[in-house]
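Here are the chains, one letter per residue:
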Amino acid sequence: MTRIIFFNIRAIRSFAIFALKRVHMSYYTGIVLISAATLLLEVALLRLFAVQQFYHFAFMAVSLALLGAGASGSLLTVWPRRRPPVVLSLAFSAATIGAYLVINYLPFDSFSIAWDRRQVLYLALYFLAAAAPFLFAGLLVGGELMAAGEKGQGSHRVYAANLSGSALGSLASLPALAALGGEGALLIATTLGVAAGLLFLPRPVQWKPALALVGLLLAGLAAALRPPAFLALRLSPYKTLATLSQALDSRHVHTDWNAASRVDVVESPAIHVLPGLSLQAPVGPPPQAGLLLDGDSLMPISGLDPSDEQAALLAGYTPNGLIYQLRPGAQTLVLEAGAGMEVLLALAAGAEQVTAVEENSLVVEIMQNEYRAFSGHLYANPRVTVANQSGRVYARRLAPGSFEVVIVALTDPHRPVTSGAYSLTENYLYTVEAFEDYLQALDEDGLLAVTRWLQTPPSEESRTFGALVAALGGLERGANPAAHLVAFRTLRTMTILAKNEPFTPEEIATVRDFLQSRNFDAVHFPGIQPDEVNRYNVLPTPAYYELFQAILADPAATYDDYRFDIRPPADDRPFFFHYFKWRQTPEILASLGYTWQPFGGSGYFVLVALLLLVGLAALLFILGPLLLRRGQTTRPEAPAGLPHWRVLLYFAGLGLAFLFVEIPLAQRFILLLEQPVTALAVVIFAILLFSGLGSLTAPRWRLRPALAALVVAAILYPFLLPLADLALGWPAWARLLLTVLALAPLGYLMGLPFAGGLRLVEAAGPALVLWAWAINGSFSVISAVLAVTLALSWGFSAVLWLGAAAYAVALLAFYPLASARS
């Protein structure tokens, strides 16, 4: 037995040494691998935080984690010593596992942070743990930039390898998440760090450390394929999945991942979900299972056949039951069909044919496989056609007049407007342009139905109404949008119907009868009188009726005067759940800590606080260490003709500009690529890949024309982006290819200034190069938060133009020095 073990060890040792000697795994390949691991980790953390906590928290955590990369430049400036890259690669992998364990087991509670001081400490530990892997990766890349400058090899090659590896890591995140889930993708990032360490081993290779690293590599791959139980993600207790799992007789029966989401199914007798059901209904919801996205967004899978009498009764007492009284036997399109509640009700109400559009492939698979029988074969019904696409993409492909009824289903959970915790969520389903697409898909007398949650005070239902008013005006459906709209409320929902043609007196009579028999409150229909509102679910004042009438009378003035921002969202500003206005500040501060919501109900101020925190952290951890050199050498020495203020302005401008361009593009391309994670990965891949090519060819360019071309391109792109929307009806592969090709010229130009600027300052020695790296990193982190904050209010185009302005500042800073080739 001893001989066998010894033989196996020798065989593995021989294979490891052979691989390191014979396979072309160069120094630059190691840079590519550690950079790929960093980007893969960033995307994996984004998904893990979104599932464990909430989407806004995911953005916060990753933004602050990137401080680690910026801080590395300052540490190298103060202590300019190149650490062995093999040590830093392994430190990255170890820190990644340690960070995940801290994040997973630390009892952080965002709901009680306003009064529990321990939560502030826990939050700080969260961020420090998440920053550690990025710090080690930054130390490695920054150290190699310094070493390349010392050897006269040109730091642009290291930077090109860094960008190219980051691009590959971004692209690899999609299959990694789909195949292995969030935990598995994180472990793959860890394994890539070990692989980079293997490539960085000093030559000649010693077999013992090589064998140890090969063993770690194999163990990491095995763990990624089958993560151990202690690495299973622990969800916030306020997530619906965590709450529902504690109900009596609940069973968590299914979990799966794709690149866009985690999907869970829970079976429990406590699930009773049917938004808007009339209190007059003779029957209640059927037995249901719960399908959840990212541990939240509960969608019921109803155990009811569409031909059952109970289904017909339920359909007649839900808000959309009115549709089938107005359009019996209609050809119906259901957008965001989810687990099929609106599909079931449409069939039960007598719809002749139903097309169910659902963008999440896992939801469709569950309905067609595991819950096929339970759901009464709903998604296999001969009257149902299922399309696995986003609603916007499908609607754009339709010929005008394709359907008699279009329904935008209510599948997301109720979110209190005062929370503001979901402000960062992009949603292209409810923009003015989206409603124009839906209206054009209707035949001449067709109906569009949109149901949203009823908020107090009025907000999301009013924004929906305003968007429909704007869409009708944009399509020139007459000078009086009021004649084309009907709105009514239930106890918890608001339903709005829109037509291309005005509602007829006969249709209004049907509406009146339906609302009266179901005890639904009218909010608007043509010819409505004040005494016809607020009859059943009585409010102190008819607030919804008054606000809707004001929107119809003078939209611009109403939006300006209203306490919340309820302007209709657009494709350039698709933040449907962002309602904050600065005039709310005293009210929010007064209620801080008195509401059971994330971060004490602070809402939008979470972003403001994050921006301040990022600025402070940049000052302390990035600019602060530079002051420590005052007792040594005042600052890194600059060459003659290159003052420090020019270096500061130039690299600060580049740091701000890069993410001012990249982030709004990633958010804007969600519309074309359907999923936020897909858009993020593909846009980052395209920009970083072509930026890497730009960096590699930087010595052939003069900085002046390169930066000038980049400024012009950043100015023009907002005008060109709407042209990409013409491709919404194209196949997925064609839209992906178009995205990469559309971003290639801009990405290439974005890779030139940093590499070219580094070559100009390399004459000052490695310290100045590292100072530039630190400046760029600090302002990149600030710009990541600032770009999103500005896009919420001003839109993506404005942020792109600010990116162009930042590049212009960089051009002016180096203008006297940039006439020669860099």
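Residues numbered from 1 in each chain as written. Predicted model: local features only at pLDDT ≥ 70, side-chain atom pairs only at ≥ 80, totals over all residues. Heavy atoms only, no water.

Caption draft 1: Just the pattern of salt bridges, in detail. Tallying each qualifying case throughout the model produces 18 salt bridges. The partner of Arg 668 in a salt bridge is Asp 725, with the nearest N and O atoms 2.8 Å apart. Of this pair, Arg 668 sits in helix H22 (residues 644-668) while Asp 725 sits in the loop between helix H25 (703-724) and helix H26 (732-750), placing them 57 residues apart in sequence. Each member of the salt-bridge network shares a partner with another, and the members are Arg 327, Asp 445, Lys 499 and Glu 507. (Salt bridge = Lys/Arg side-chain N within 4 Å of Asp/Glu carboxyl O. Helix = DSSP H or I, 4+ residues; strand = E, 2+ residues; numbered from the N terminus.)

Caption draft 2: Region of interest: the pairing of strand S1 (residues 251-257). In this structure, S1 lies alongside strand S2 (residues 262-267), joined through 6 bridges in antiparallel fashion. Of the residues in S2, the one forming a bridge with Thr 255 is Asp 264. Hairpin connection, S1 to S2: the antiparallel pair is bridged by 4 residues. (Pairing = 2+ DSSP bridges.)

Caption draft 3: Just the sheet that holds strand S5 (residues 331-335), in detail. Read across the open sheet, the 8 strands follow the order S7-S6-S5-S8-S9-S11-S10-S12; overall the sheet is mixed. If you trace the sheet from one side to the other, it starts and ends with strand S7 (384-387) and strand S12 (521-524), each paired once. Adjacent strand axes in the sheet meet at a mean angle of 20 degrees when their direction is disregarded. Two strands pair when backbone bridges link them, and S5 and strand S8 (residues 403-408) are joined in this way by 4 bridges, in the parallel orientation. Bridged to Leu 333 within S8 is Val 406. Here helix H15 (residues 432-441) sits on the sheet and contacts S5, S8, strand S9 (442-453) and strand S11 (493-499); the angle it forms with S9, its principal contact strand, is near 140 degrees. (Axes fitted to C-alpha atoms, helices over the stretch in contact; angles between N-to-C directions. Contact = heavy atoms within 4.5 Å.)

Caption draft 4: Structural context of a nonpolar patch on the surface. A cluster of nonpolar side chains, contributed by Val 712, Ile 715, Leu 716, Phe 719, Leu 720, Leu 723, Leu 726 and Trp 801, occupies part of the molecular surface with about 790 Å² of accessible area. With 6 residues, H25 is the largest single contributor of residues to the nonpolar patch. Along the chain, Leu 726 turns up in the loop between H25 and H26. What makes Leu 726 exposed here is its relative accessible area of 64%. (Patch = residues over 30% accessible without salt bridge, like charges linked within 9 Å, V, L, I, M, F, W, Y side chains within 5 Å. Areas by Shrake-Rupley, 256 points an atom, 1.4 Å probe, with all protein chains shown as cover. Buried < 20%, exposed > 50% of the residue type's maximum accessible area, 1.4 Å probe, protein only.)

Caption draft 5: Focus on the side chain of Ser 93. Mapping Ser 93 onto the fold places it in helix H5 (residues 85-105). Within the structure, the side chain of Ser 93 is placed 2.7 Å from the backbone oxygen of Thr 190, a separation counted as a polar contact. Among residues more than four places away in sequence, those in contact with Ser 93 are Thr 190, Gly 193 and Val 194. (Polar contact = N/O pair within 3.5 Å; in protein donor to acceptor, adjacent residues only side chain to side chain.)

Caption draft 6: How the structure looks around unusual backbone geometry. Between Thr 456 and the following residue, Pro 457, the backbone shows a cis peptide bond with an omega angle of -5 degrees. Take Pro 457: it is sitting in the loop between S9 and helix H16 (460-474). The residue Asp 249 is not glycine, and still its phi comes out positive at about 65 degrees. Its location among the elements puts Asp 249 in the loop between helix H9 (240-245) and S1.

Caption draft 7: View of the packing of aromatic side chains. A full pass over the atoms with the stated rule returns 21 aromatic pairs. Measuring from ring centre to ring centre gives 6.0 Å for Phe 514 and Phe 520, while their planes differ by 55 degrees; the resulting arrangement is tilted. Exposure class is identical for Phe 514 and Phe 520. Each is buried. Note on Tyr 562 and Phe 564: the rings are 6.2 Å apart at their centroids and 65 degrees apart in plane angle, and the pair reads as edge-to-face. There is no split in this pair, since Tyr 562 and Phe 564 are both buried. The structure contains a cluster of three or more aromatic residues connected by ring pairs, namely Tyr 159, Tyr 650, Phe 651, Phe 754 and Phe 814. (Phe/Tyr/Trp six-rings, centres within 6.5 Å; stacked < 30°, edge-to-face > 60°.)

Caption draft 8: Highlighting helix H10 (residues 309-316). Along H10, the residues classified as buried are Ala 311, Leu 314, Ala 315 and Gly 316. Where H10 begins, one side-chain oxygen reaches toward the backbone nitrogen of Gln 310, 2.8 Å away; that side chain belongs to Asp 308.

Caption draft 9: Looking closely at the environment of Ile 103. Looking at where Ile 103 falls in the secondary structure, it is placed in helix H5. Here the alpha-carbon distance between Ile 103 and Tyr 126, two residues 23 residues apart in the chain, equals 5.8 Å. Those residues within four positions of Ile 103 in sequence are excluded, and the remaining contacts are Leu 45, Phe 49, Gln 52, Tyr 126 and Ala 130.

Caption draft 10: Representation of the sheet that holds S2. Here we have 4 strands laid out as an open sheet, ordered S1-S2-S3-S4, and antiparallel in their pairing. Among the strands making up the open sheet, the edge pair consists of S1 and strand S4 (296-302). Along the sheet, successive strands turn relative to each other by an average axial angle of 20 degrees, direction set aside.

Caption draft 11: Spatial organisation of the packing of H25 against helix H29 (residues 796-814). It is the contact of H25 with H29, at a shortest axis distance of 9 Å, that shows an interaxial angle of 170 degrees. Taken as axis vectors, H25 and H29 run roughly antiparallel relative to one another. Here H25 contributes Leu 703, Arg 704, Leu 707, Ala 708, Leu 710, Val 711, Ala 714, Ile 715, Pro 718, Phe 719 and Leu 721 to the contact with H29, which in turn contributes Ser 797, Leu 800, Trp 801, Ala 804, Tyr 807, Ala 808, Ala 810, Leu 811 and Phe 814. Taken together, the residues of the contact of H25 with H29 sort by class into 18 nonpolar, 1 polar and 1 charged. (Parallel < 35°, antiparallel > 145°, perpendicular 65-115°, else oblique. Nonpolar A, V, L, I, M, F, W, Y, C, P; charged D, E, K, R; others polar.)

Caption draft 12: Broad picture of the packing of H22 against H25. One can describe the packing of H22 onto H25 by two numbers: an axis separation of 12 Å at closest approach and a directional angle of 25 degrees. When the axis of H22 is compared with that of H25, the two are roughly parallel. Crossing handedness for the pair H22 and H25: left-handed. Every residue of H25 that contacts H22 at Tyr 650, Leu 665 and Arg 668 is listed here: Leu 703, Leu 707, Leu 721 and Pro 722. Residue composition of the contact of H22 with H25, by class: 6 nonpolar, no polar and 1 charged. (Left-handed = near helix turned anticlockwise from the far one by under 90°.)

Caption draft 13: Up close: the nonpolar core. Core analysis: the biggest nonpolar cluster contains 157 residues, and Tyr 650, Phe 651, Leu 665, Phe 669 and Tyr 807 have the highest contact counts within it. When residues of this core are assigned to their parent elements, the largest contribution, 17 residues, is made by helix H7 (residues 155-199). With residues near it in sequence (within four places) discarded, Phe 669 still touches Ala 679, Val 683, Leu 721, Thr 739 and Leu 743. Among the nonpolar cores identified, the runner-up in size contains 56 residues, and Leu 326, Ala 337, Tyr 371 and Ile 508 belong to it. (Core = buried A, V, L, I, M, F, W, Y, C linked by side-chain atoms within 4.5 Å.)

Caption draft 14: Looking closely at the side chain of Thr 38. Within the fold, Thr 38 resides in helix H2 (residues 27-52). Here Thr 38 is in contact with Phe 92, Phe 134 and Ala 137, once residues within four sequence places are set aside.

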